[in-house]
Amino acid sequence: MILRSKIMMACKLLCFLLAVVIVVHSRGPLTRKVSSPQPFFPRHSLVSDFYTGDVAKLTERLLGADLSLVVYYAPWDRDSQHLRWEMEKAARYHHEQIYFAAVNCWHPNSECKTRYKIRTYPAIVLHVRSVSGTETKALAYGGPRDAGHIIRFLSRALHPLTHVASHADLARLQMEHNAVVLGYYDFSTVKQLPRGFISYYLASLRSLQHHKTSAIAWGVVTNHKVATALSFNETRSVHLVLWNTTLVFTNAASSNSEGMSNWVNKWVDETTIWVDIPGTKSMALHSVLQKGPTLILFTPDNPYHTVNDPFTVLREISLDYSNCNQSSRVSNLARYLSSLRAKSRIQLRQAERVCRSYLQNQLHILHLSKQQFNSKDETCCGSEPSSEAGTTTGDQQSKVCDMCTHPTRTLTTPEELCTNPISWEEDSGLLHHVNKLMTVFSDSCRHLMLQYSPWEHYSVCCQRNNTLAKAKSSYIPHTPEKKEAFDVGSGHPDDRIEKLVALAAEDQCKRLFHGSLVAPHSFVKDQHPAPDITGLGCKTNKTLTFVAVDSLRHGDVAEKLGVNLTTREPQKTAAVIVDVAREAHFIMDASLSKLTLANFIINYTHGLLDRILVTGHVDTNRCKPSQICIQELTSENYLKFTQEMGKMVVVLHYSSNCAACTTVGHVFMTVAHMARHIPNITFARINILTNTLPWNLYFQTLPSIIVHPHYRKSDSSVFDSTLPLTPANLMSFLVSNLDPSHRLSLALSTCRDDCHEQVVQAAAVATTQLHHLMTVTTTKLQDVLHRLVKLKETPHEIPHWENHYQILVHTKHLLVRDIKTQRVKLNHLNQVQKLVPSNSNKLLIESDLLKSLQYIIQSKSNSKKTLESSTLHNEL
Amino acid sequence: NKMTFLFVYLQVCFLMSFSTGMTEKERIKLREEVRGMFYHAYEGYIKYAYPYDELRPLSCDGHDTWGSYSLTLIDALDTLGVMENKTEFQRVVELIIEKANFDVNINVSVFETSIRILGGLLSGHLMSKKMGVDVEDGWPCAGPLLRISKDVADKLLPAFDTPTGMPYGTVNLRDGVPEGETPITCTAGVGTYIIEFGTLSRLTGDPVYEEVAMRALHGIWDHRSSINLVGNHIDVLTGRWAAQDSGIGAGIDSYFEYLVKGAALLQKPELMAIFIEARTAIDKYLHHEDWYLWATMTKGYVTMAVFQSLEAYWPGVLALLGDINSAQKIIFNYHQVWKQFGFTPEFYNIPQAEAPVNREGYPLRPELIESLMYLYQATKDDTFLEMGADILTSIQHTAKTECGYATVRRLKM
C-alpha cells in the first residue's frame, strides 16, 4: 500500500495533486475555516430551527410533544433548501397538534453531525413520545417531500387507529382500504392501557412508513360483543382482514411493534397497489414489471383527497379479476365499492355546501390577488425574503427582496380572466372556480398568493402591497355554518365534542380547498354495466398484476409510454398494459370506466390488442425540392414513406443517445449529395429512441442504414456494419441496390463534356470490337456448321462419332448465344451513341435521356438478356 | 467490429426514478446561474491572476502551476464560445496570438499541456468562425491558433520517442525530455492524446500526431494482463507495469474515456473494439452493485472497495456508448455520495460509506457534471437536471469566494 501510494504521488498527471491543496502557497496552502452556522429558517417560522446542531436541546423539546416532525438538514443541500417551504406549509396546517423542528446535521463539530450519520439530506423523521415520556421513537418518512404528502402523512400519524364499534365499521374500513388489521383490546377492565396496545399503536405508525398510500387500516375493537361477532377469542389478539380471507396472528400478545408490523407486511395481500417511485435509485416499478404483464393505471393521487374514484374502479376490477373461486365475500366487496363510488360523489357535493363560506373567503383572497395580478404584461410582482435567508446573519425580516416574475405561459381565453365574482355566490362549482382561477396565475404567483406562504411579511405586487396583506390579516378562522353532516347523534351537548366537530369540519374545508389547488376531483362516468370478468385471472396464462401510479408526480412515465395525459378523461388518467417479457405495451384508448377497463382486459387476454409503437414528434420542416435534405421519420409515417412504389428510400436508423451516430451525419449527407441525380431517391432518418418500429426493422447496433429499393420492397438490405462507414462504401452499397435503369442513369448523370466524349469514343471502340468479335464468331459458327454437315455425311465410321457430334452441336449452341448477346450489346451501344451527343456544345436533355434509357432497359429485359450496366460502366 | 449501441426495449421507461419535471422558467434560472458562476470565476482570473496560470481564490492573486503559459485563459476560451460572448472571445484570441510563446525552458506535463493547452487552442480555432473572428483563407485547415497548436504539439512529440511508443510524463518545451526523467507514466498519461492529436492531424494533414497517439494507445493495450485489465503505471521504456492496481479511476480514467470519444470523433472502430473488450473485463472483475472497485490486474482480486471522484466520468462514457441503463444505475450511486457530503470526496469507502482522512477534498472536479450532461442529453429526463442543480447549489454555497471558487479541502472537521 505504501509503495503504491508513493508511486501514485509520483505521477504528475491526474493523480491527486489537487486533493489536499487549495492553493499551493509559498507559506503552504491558504485555507479558510467554515463559517459559523447561520439560521436556516426565518425567525418567525413555525419550525424551530436548531441551526447549531444542538441535539440535546432538540431532544428536550421533543419530549414536550406527543408527536414531532424533525428535519435533519444540510444548509448546502438543494433539497433541504426546498423543503423549508414545504415544512412551513405543513407546519401551518398541523402546528397545533405537532411540534415542528429542524436541525442542522451537517455543521462540522456540531453534536448532530457527530452523533448521527446521514446518508442523504434531508432526513425527515417523525418522533413519537413514549408513554413514559422519557424517550422518543423515531420513524423515518420516505415519501414525497412536498407539503401535501407530508400533511397526509402527519394526518395519518395523528389518527393511525380507527375505532371499530360494529361490523359496519369494519365493512367501511374494508371498502376504503386494501387490507384491515384489527386488534381487540379491552379498555374496560383495567385502569391503565391494555397491555400490548402500545405495541399495536406503534406498529400502526410503522406501517405508515411502508404503506404510504393508506393501503392498510388499523382498527381497534373494544367491545366484547363486537369482538365475539368478529370471532376474536381473547383480548390482545390481532386479525388481518384481507380481500379474500382473514388471518389470525397467534403471537400477538407477546409481540412488540416490530414483530407485529413484520407479520402484517409478510402476509398482506393486495389485488392492486399504488407504486411509489421515489426520487432516488429504486427498482419499485422494475420489480413489479418483472413479475409478468402489468396493468398500470395512471391517475392523480391528490394527497388532500380521501377518495380516489379511478383507483376504486381499478380495485373493483382487480377484485373480480382475481376472484378465482367465485367467492361471494370478494364479489360483495366489489359491489360495495361501486356503491361507495356513487356515494362519494354526493358526499363531495355536500361537503362543498358545508364549506361554502370557507371557500368563499379563500376565493375572495384569491380574487384580490388576481386584481393585482397584472395580466397585461403577465408580471407578478411580490416580495419575499431572499432564498439565502439561512446564510445571512441577523435580522431576516429586514432583508426582503423584490421578486418579479414573467411567466411564459399564455392565457387560453380572455373569459377566464373576467370571471364574474357573483358566480361564486352559487353553491355548486366553487371548487371548479378555484381551479379556474388558479390557471390564471403563473406558478410563482400561485406560490406568493396562497395564504400559506411561510414568510410573515410578504406582500403581493409591488405597487399596491397592502391589500392582500390586509385581507390576510383580517382573515379569522371561522366555524362552518352547517354541522348536520357531522352530527354525532342526539347526545348531550359537550363543549369538547362540539369543538372537535368544528375542527373536523374546518379540516375538511381546508382539505377541499388545498386539494382543489393541486388537482380537481376526478370522477369516472359509469353508464353501462361492465362485462363479467370474475376469475379471469386464473383462466389465462397472461395473468395481470394491477398497479396505480400517481400521474401528478410521474406523468413522464406515461409520456414515455406514448400516453398523452392531457387529453384524457377523467383528467390525467390512463390505463396501460405493459408486458416486459414480450416487449410490448398496450394503451387503453377509451376514457376510463369500469366497462372500458373490463373490455380492455378481456381484449388483452384474448390477444386482440395491437402493440403500441411509441412515436416521436413529427418534424414540421419540409424539405424544399432544391435542397439536399434528410427527412426525419416517425414510426407513424415510416412504413407509408418507405413502401411507396417507385421510390427508393435510404434510412439512417439512429438514436439521440449514441455517440457513434453523431459522427456519421456528414457521411450520410455526402452520399445524399452525390446521389442527388438519381431519380426517385430519398434519404431519411429515424430516431429509434422515440420511435418504436416493428420487429423486422429492429437493429442490434446503431447507426444502421437500410435501403428500401424502388420496386421490390421486400428486398430491402442493410449496410454491412463490419465495413467502415465511408462515403465510398456507402455509395457502392447504394449502387448495388439500384435497379439497372437507375444505375445507368446514375452512371451517365455523373458524366459531363469530357466524359461524354470518352463515352462516345469508348462506345465507338466497343462497337468496333463487337463487330470484329461478331465476325470471328460468325466464322467459327460457319466452320462448326460445316464440320457438322461433314460428320453427318460420314456416319459411324470414325471412332467416338457420337461424342464428336454432340460436342459440335453444343459448340453451335454456344456460338449462336454469343452472337445474340453481341447483337444486343451492339444495339445498346448504338443507342448510347445516339443519346450521348458527340458534340459537347449540344446540351443534353436529361429527361429525354432517361426516357430513352428506360426504353433500352425495357427492351433489354424483353429479350431476357440483361446487360450489366456495371460492365458498361467499367468499359467507360 | 462496429461501435456497438445497446438498445433495450423501453429501457428508459422502467428502470429508475423520474423527476416530477422542471418548468422552463426554472431551467432558464439555473442556466443563468451557471453563466453567472462562469463569469464570476473568469472575471476573477482576468482581474487578479492573468497572466499567471491560475487564480488563487482566497488570496485573490495568480500563480503558475502547469507551465507559464496563462493556462486558464486558453483553457477557458471555448467556454467563452459556449457562452456566446463574441467580443471577449475575439479579444482573447488576439491576446493569445499576440502573447503566445512556447519556446521557453520549462518542464511541463505532456498530459496537462495536451488536454488544456492543445485542447483549448484547437477548440478555440474551430469555434473562431462562429464567434465572428475573421478567419483566413483555408480555415479550418489554416489559422493562427492552429499554427500555435501545431507548434505546441511539436514540442510534445519528443516525449513519444520511446521504444514502446508510450510517452514520458514530462517534457521540456525547449529541450525535449529532461535528463534523468522517470520513465514511469500513468496509464491515463499514456492514452489521453487521440482526440487532440487526431484533430490536429486531420486539420493540418500531417498524420504524425494521430500516429503517435494511436501507437501510445495500442502500447497500453498490448501490455494488458491475461484477463484484459490494465494497470495504473507503466515503464515506457520497458513496458513493465510499475503499479498493477486496476480500476477505472485515478491514473487510468481518461484512457477509457478517450477510447470511446476517439472512436466516435475520428470514426475508429478499432478503438471501440478495444474499449468493449476492456469493459467486459472491467464488468467481470471490478463491477459490484453498480460500483467499480479496484483489483489486481493479473488476477482480478479486489484490493480497495473505493469510489473515487474521478471515476464519475464512467456513466457519461456508457451513455455515449448507448448503455443508458447501466449509466443511470451508476450515477444514482454517485449522486447519493454527493447528497451525503455535498461533494464527491476524492475517495469514498463504499462499505463504510465514509471518506477516508486526507482523501476527502473536492478540487471542483467536473466529471460527475459531465456525465449528467450526457445522460440528460440522451434521455431528456429532468432527474439529471435536478442532480445538476444539486451540484450547482452546493458549490455556490460552499466553494464560492470573493474572486472565484476554491477547492474544498475537507468535508468534515
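Residues numbered from 1 in each chain as written. Chains lettered and ligands numbered in written order. Predicted model: local features only at pLDDT ≥ 70, side-chain atom pairs only at ≥ 80, totals over all residues. Heavy atoms only, no water.

- As recorded in an unreviewed UniProt entry, chain B goes by alpha-1,2-Mannosidase and comes from Cherax quadricarinatus.
- Of the comments in the UniProt record for chain B, the one headed Subcellular location (unreviewed entry) reads "Endoplasmic reticulum".
- Recorded in UniProt for chain B, the comment headed Sequence similarities (unreviewed entry) runs: "Belongs to the glycosyl hydrolase 47 family." (UniProt positions renumbered as here; feature names shortened; annotations may be inferred.)

- In the annotation of an unreviewed UniProt entry, chain A is listed under the name Thioredoxin domain-containing protein and assigned to Cherax quadricarinatus.

1. A closer look at the packing of helix α12 (residues 269–285) of chain B against helix α13 (residues 314–321) of chain B
Residues and elements named next belong to chain B.
Right, on to step 1. Where α12 contacts α13, the axes come no closer than 13 Å and their chain directions differ by 125 degrees. Overall, the two elements α12 and α13 adopt an arrangement that is oblique. α13 is crossed by α12, and the crossing has left-handed handedness. Along the contact surface, α12 presents M272, F275, R279 and I282, while α13 presents W314, V317, L318 and L321.
Right, on to step 2. Grouping the constituent residues of the contact of α12 with α13 by class yields 7 nonpolar, no polar and 1 charged. (Axes fitted to C-alpha atoms, helices over the stretch in contact; angles between N-to-C directions. Helix = DSSP H or I, 4+ residues; strand = E, 2+ residues; numbered from the N terminus. Parallel < 35°, antiparallel > 145°, perpendicular 65-115°, else oblique. Left-handed = near helix turned anticlockwise from the far one by under 90°. Contact = heavy atoms within 4.5 Å. Nonpolar A, V, L, I, M, F, W, Y, C, P; charged D, E, K, R; others polar.)

2. As for the pairing of strand β5 (residues 136–141) of chain A
Note on strand geometry: in a regular strand, side chains alternate between the two faces of the sheet.
Residues and elements named next belong to chain A.
Right, on to step 1. Where strand β4 (residues 123–129) and β5 come together, 6 bridges link them in antiparallel fashion. By the bridge assignment for β5, R129 is matched with T136.
Right, on to step 2. From the end of β4 to the start of β5, which pair antiparallel, there are 6 residues, and G133 there has a positive phi angle of about 80 degrees. (Pairing = 2+ DSSP bridges.)

3. Brief notes about unusual backbone geometry
All names here are of chain A.
Right, on to step 1. Put simply, Y121 and P122 share a cis peptide bond, and its omega is -10 degrees.
Right, on to step 2. Here P122 shows up in the loop between α4 (111–115) and β4.
Right, on to step 3. Here the bond from L702 into P703 is cis, since omega is -5 degrees, no more than 30 degrees from zero.
Right, on to step 4. By the secondary structure assignment, P703 is in the loop between β21 (681–687) and β22 (704–708).

4. Considerations on the UniProt feature "active site" (unreviewed entry) in chain B
Residue and element names in this part refer to chain B.
Right, on to step 1. UniProt's feature table lists "active site" (unreviewed entry) at E112, D253, E346 and E367, given in the numbering used throughout.
Right, on to step 2. Here E112 is to be found in helix α6 (residues 110–127).
Right, on to step 3. Among the residues examined, E112 registers a relative accessible area of 2% and is labelled buried.
Right, on to step 4. Along the chain, the position of D253 falls in helix α11 (residues 253–266). (Buried < 20%, exposed > 50% of the residue type's maximum accessible area, 1.4 Å probe, protein only.)

5. Focus: the packing of aromatic side chains
Right, on to step 1. In total, this model carries 42 aromatic pairs over all chains according to the counting rule given.
Right, on to step 2. Summarising the aromatic geometry, the rings of B:F256 and B:W314 are spaced 5.9 Å apart at their centres and angled 80 degrees between planes, so their arrangement reads as edge-to-face. With B:F256 in helix α11 and B:W314 in helix α13, this pair connects stretches of sequence that are 58 residues apart.
Right, on to step 3. Judged by its relative accessible area of 3%, B:F256 falls in the buried class.
Right, on to step 4. Taken together, the ring pairs in this structure connect B:Y255, B:F256, B:F275, B:Y292, B:Y313 and B:W314 into an aromatic cluster.
Right, on to step 5. Against the face of A:Y604 rests A:K542, its NZ or CZ located 4.8 Å from the ring centre. (Phe/Tyr/Trp six-rings, centres within 6.5 Å; stacked < 30°, edge-to-face > 60°. Lys NZ or Arg CZ within 6 Å of the ring centre and 35° of its normal.)

6. Let's talk about the sheet that holds strand β12 (residues 294–299) of chain A
All names here are of chain A.
Right, on to step 1. Strands sit in the order β11-β16-β12-β17-β18 across an open sheet of 5 strands; the sheet is mixed. Either end of the sheet is taken by a strand with one partner, and the two such strands are β11 (272–274) and β18 (584–587). Between one strand axis and the next, the sheet turns by 25 degrees as a mean value, whatever way the strands run.
Right, on to step 2. Sheet analysis places β11 next to strand β16 (residues 545–550), joined by 3 bridges and oriented parallel. Each bridged residue has a counterpart across the sheet, and for I273 the counterpart in β16 is V547.
Right, on to step 3. Contacting β12, β16, β17 (574–579) and β18, helix α19 (residues 594–605) runs over the sheet at an angle of about 20 degrees to β17.

7. Notes on the confidence of the model for chain B
All names here are of chain B.
Right, on to step 1. Mean pLDDT for chain B: 91, with 94% of residues reaching 70 or above.
Right, on to step 2. A low-confidence stretch, residues 1–19 stays under pLDDT 50, and its non-local contacts, those more than four residues away or across chains, total 95 contacts.
Right, on to step 3. Scored by ipTM, the complex comes to 0.89, with pTM at 0.79. (pLDDT = per-residue confidence, 0-100.)

8. A short note on the packing of α6(B) against helix α7 (residues 144–156) of chain B
All names here are of chain B.
Right, on to step 1. Here α6 crosses α7 at 165 degrees, and the two axes come no closer than 9 Å. Classified by the interaxial angle, the pair formed by α6 and α7 is roughly antiparallel. Seen along the crossing, α6 lies across α7 with a hand that is left-handed. In this structure, α6 contributes V110, T113, S114, I117, L118, L121, L122, G124 and H125 to the contact, and α7 contributes L145, L146, I148, S149, V152, A153 and L156.
Right, on to step 2. In the contact of α6 with α7, the residues fall into 11 nonpolar, 5 polar and no charged.

9. Remarks on the sheet that holds strand β7 (residues 241–243) of chain B
Residues and elements named next belong to chain B.
Right, on to step 1. Read from one edge to the other, the open sheet built from 3 strands follows the order β5-β6-β7, with strand pairing classed as antiparallel. Edge positions in the sheet fall to β5 (184–186) and β7, since each has one partner strand and no second. The sheet shows a mean angle of 35 degrees between the axes of neighbouring strands, direction not considered.
Right, on to step 2. Sheet analysis places β5 next to strand β6 (residues 233–235), joined by 3 bridges and oriented antiparallel. Bridging from a neighbouring strand, T185 pairs with I234 of β6.

10. Some points on α7(B)
All names here are of chain B.
Right, on to step 1. Taking 1.5 Å as the rise per residue, α7 with 13 residues should run 18 Å; its terminal C-alpha atoms sit 19 Å apart, in good agreement.
Right, on to step 2. Among all positions of α7, only L145, L146, I148, S149, V152, A153, K155 and L156 are buried.
Right, on to step 3. Those residues of α7 that are buried are in contact with α4 (77–82), α5 (86–99), α6, β4 (170–172), α9 (194–204) and α10 (208–222). (Expected span 1.5 Å × (residues − 1).)

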